[in-house]
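Examination of the molecular architecture
Listed below, chain by chain, are the residues.
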Amino acid sequence: MEKLTATNLAMMEQRKKKPRAPKPVLPSQEAERYYSGQLRGMVRLMAGELVKALEPELKRLKRDYIADAMLTMDGWTDEVLAAIRGVSRRFSSSLFESQIQRVAASTVSRADADNAEDFRKSVNQAVGVDFQLITRPRGMQDYLEASTAENVNLIKSIPDEYFKNVETIVLGGMKDGLAPTAIAKQIQEQTGVSARRAKLIARDQVSQLNSDLTRQRQAAAGIEFYKAVDAGDQRVSGAPGGKYPNAKISCWGIARQDIGYGVGIYKVADGATWKGVTNLHPGKHHILCRCVGLAQIPGVNYFPDKG
Ligand SMILES: [Zn+2]
């Protein structure tokens, strides 16, 4: 394993190309596309199976439950719950579990492969020398496994939440004597909620993976400092005149404050601090943070002694 030590950096004297600032290592678009596609398919399947099982039941029971409204829920509740649970069981079976395990593991490994490749390119282009950076630093395997398990739990929470809310919608709707079409409309809205949540999970998880993996690779390469760079648009949290000027954690501010190492520069090991909140790492300042931590390489884009 090679580190970007002073000795190694002396090799840069022999480089042919002029050093340039490393490019930011961005979250893997391929991993996000794959993940959100898989989750979108799951939500579509959940909703499709539910409608198929529930619609005929609601139509069949309509006369009973409308006449029954406010009196008793006996009889039809059991039947309709059985229909919902018959579908929800398929989304908590061991077969389902092994499918989502595969989705989570593929997502994590795609995100990791892209991060490793982009990180290597970024550093090597910057220093102009082909460092054989270690692909899988110590401890990373454990991290990848933990992240896979976390994603399995997050995926599981989508059908869990969906079918729980559907039960509330259906039972409440039938109790109120709503027409099956009105209940179906509420279920459709719930499907939309799940679809949006699935998309958010995919984006946020791939972005968190990128942040954590970049940090681990920077540390393993001996890079001590990074520069926090925000996404530079209206949606950057805390940006004056932007969409969220009063955000609790200001990515705009983090990129511009100087805690003693230079403007927006922080230790890879510590991250930034904002208004008493510590350990804020780029890409994880808050949910859907789009900041990146640019590796600061002495003599390339980092000149601590020049004051
Ligand atoms: Zn940010």
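Here, every reference points to the structure presented above.
Below: a short report on this structure. Quick caveat, the model's predicted, so the values are computed rather than measured. The residue numbering used here restarts from 1 in each chain and proceeds along that chain's sequence as written. Restriction of local features to residues with pLDDT of at least 70 applies here, the model being predicted, together with a cutoff of 80 or more for giving and counting side-chain atom pairs; totals for whole chains, interfaces and linings are based on all residues. Based on all heavy atoms of the structure, the side-chain values leave hydrogens and waters out of the count.

Observations regarding the overall build of the chain
Numbering goes from the N terminus for both helices and strands, where a helix is a DSSP run of H or I of at least four residues and a strand is a run of E of at least two. The helix and strand inventory of the chain stands at 7 helices and 5 strands. Start at the N end of the chain and walk to the C end: the helices and strands fall as α-α-α-α-α-α-β-α-β-β-β-β. For the chain, the proportion of its 307 residues judged to be buried stands at 44%. Contacts are residue-level and defined by heavy atoms, with any inter-residue pair within 4.5 Å sufficient. Counted over contacts in the chain with a minimum sequence separation of 6, partners at least 24 positions apart contribute 78%. Note that accessible areas follow from Shrake-Rupley with a 1.4 Å probe, and for residues the cover is restricted to the protein chains shown. With the model as given, the accessible surface of the chain reaches about 16300 Å², and the carbon-plus-sulfur share is 53%. Burial classification: accessible surface area is computed with a 1.4 Å probe over protein chains only, and a residue below 20% of its type maximum counts as buried, one above 50% as exposed, and the rest as partly exposed.

Overview of the packing of helix H4 (residues 94-127) against helix H6 (residues 180-220)
Taken N-terminus to C-terminus, the directions of H4 and H6 make an angle of 45 degrees; their axes are 10 Å apart at the nearest point. Relative to H6, the element H4 is oriented oblique. Seen along the crossing, H4 lies across H6 with a hand that is right-handed. Every residue of H6 that contacts H4 at Thr107, Val108, Ala111, Asp112, Asn115, Ala116 and Phe119 is listed here: Val206, Leu209, Asn210, Leu213, Thr214, Arg217 and Gln218. Think of it as three bins: nonpolar holds Ala, Val, Leu, Ile, Met, Phe, Trp, Tyr, Cys and Pro, charged holds Asp, Glu, Lys and Arg, and polar takes everything else, Gly as well. Looking at side-chain class alone, the contact of H4 with H6 contains 7 nonpolar, 5 polar and 2 charged residues. Note on definitions: angles span 0 to 180 degrees between N-to-C directions of axes, and those axes are lines fitted to C-alpha atoms, for helices only across the stretch in contact. In this scheme, roughly parallel covers angles under 35 degrees and roughly antiparallel covers those over 145, while 65 to 115 is roughly perpendicular and the rest are oblique. Each helix crossing is assigned a hand: it is left-handed if the near helix lies turned anticlockwise from the far helix by less than a right angle, otherwise right-handed if that turn is clockwise.

Digging into the nonpolar core
Within soluble globular proteins, side chains that are nonpolar generally end up buried alongside one another. Counting 45 residues, the largest nonpolar core has Leu39, Leu54, Val170, Met174 and Ile187 as its most contacted members. When contributions to this core are tallied by element, the ones reaching two or more residues are helix H2 (29-68), helix H3 (76-90), H4, helix H5 (140-175) and H6. Per-element accounting of this core gives the leading share, 13 residues, to H2. With residues near it in sequence (within four places) discarded, Val170 still touches Leu54, Leu58, Val80, Ile84, Ile183 and Ile187. By nonpolar core is meant a set of buried Ala, Val, Leu, Ile, Met, Phe, Trp, Tyr and Cys residues that side-chain atoms within 4.5 Å join together.

Quick notes on the side chain of Ser211
Note that Ser211 resides in helix H6. Not counting chain neighbours up to four residues away, the residues in contact with Ser211 comprise His281, Pro282, Gly283 and Lys284.

Side note on H5
Two residues of an α-helix separated by three or four positions point the same way, owing to the 3.6 residues in each turn. For H5, spanning 36 residues, the distance from its first C-alpha to its last is 52 Å, which sits close to the expected 52 Å at 1.5 Å a residue. Positive backbone phi, at 70 degrees, marks Gly177, one or two positions downstream of H5. A helix's residues, less one, multiplied by 1.5 Å, set its expected span.

What to know about the coordination of the zinc ion
At this site the zinc ion is bound by Cys251 (SG), Cys289 (SG) and Cys291 (SG), with donor distances of 2.1 to 2.3 Å. In terms of primary sequence, the donors binding the zinc ion are separated according to C-x37-C-x1-C. Of the two residues, Cys251 is situated in helix H7 (residues 251-254) and Cys291 in the loop between strand E4 (277-280) and strand E5 (292-296); the sequence distance between them amounts to 40 residues. Look at Cys251 and you get buried, because its relative accessible area is 3%. Cys291 sits in the buried class, given a relative accessible area of 7%. Note: metal donors comprise N, O and S atoms at 2.8 Å or less from the metal (3.2 Å for Na, K and Ca); water molecules are not included, so apparent gaps in a site are possible.

A few points about the pairing of strand E1 (residues 225-229)
We call two strands paired when DSSP finds no fewer than two bridges between them. Across 3 bridges, E1 lies against strand E2 (residues 265-267) in antiparallel orientation. Across the sheet, Tyr226 pairs through a bridge with Tyr266, a residue of E2. Pairing geometry for E1 and E5, over 5 bridges, is antiparallel. Across the sheet, Ala228 pairs through a bridge with Gly293, a residue of E5.

Focus on the environment of Pro245
Within the secondary structure layout, Pro245 lies in the loop between E1 and H7. Relative accessible area serves as the criterion here: at 40%, Pro245 is assigned to the partly exposed category. In this structure the C-alpha to C-alpha distance between Pro245 and Gln234, which are 11 residues apart in sequence, comes to 9.5 Å. If we skip the residues at most four places from it in the chain, Pro245 touches Gly238 and Ala239.

Some thoughts on the pairing of E4
Alignment of strand E3 (residues 272-274) against E4, held across 2 bridges, turns out to be antiparallel. Pairing of Trp274 across the sheet is with Val277, part of E4. The hairpin turn running from E3 into E4, its antiparallel successor, is 2 residues long, and Lys275 in that turn takes a positive phi close to 45 degrees.

By themselves, these observations are geometric and do not establish any function.
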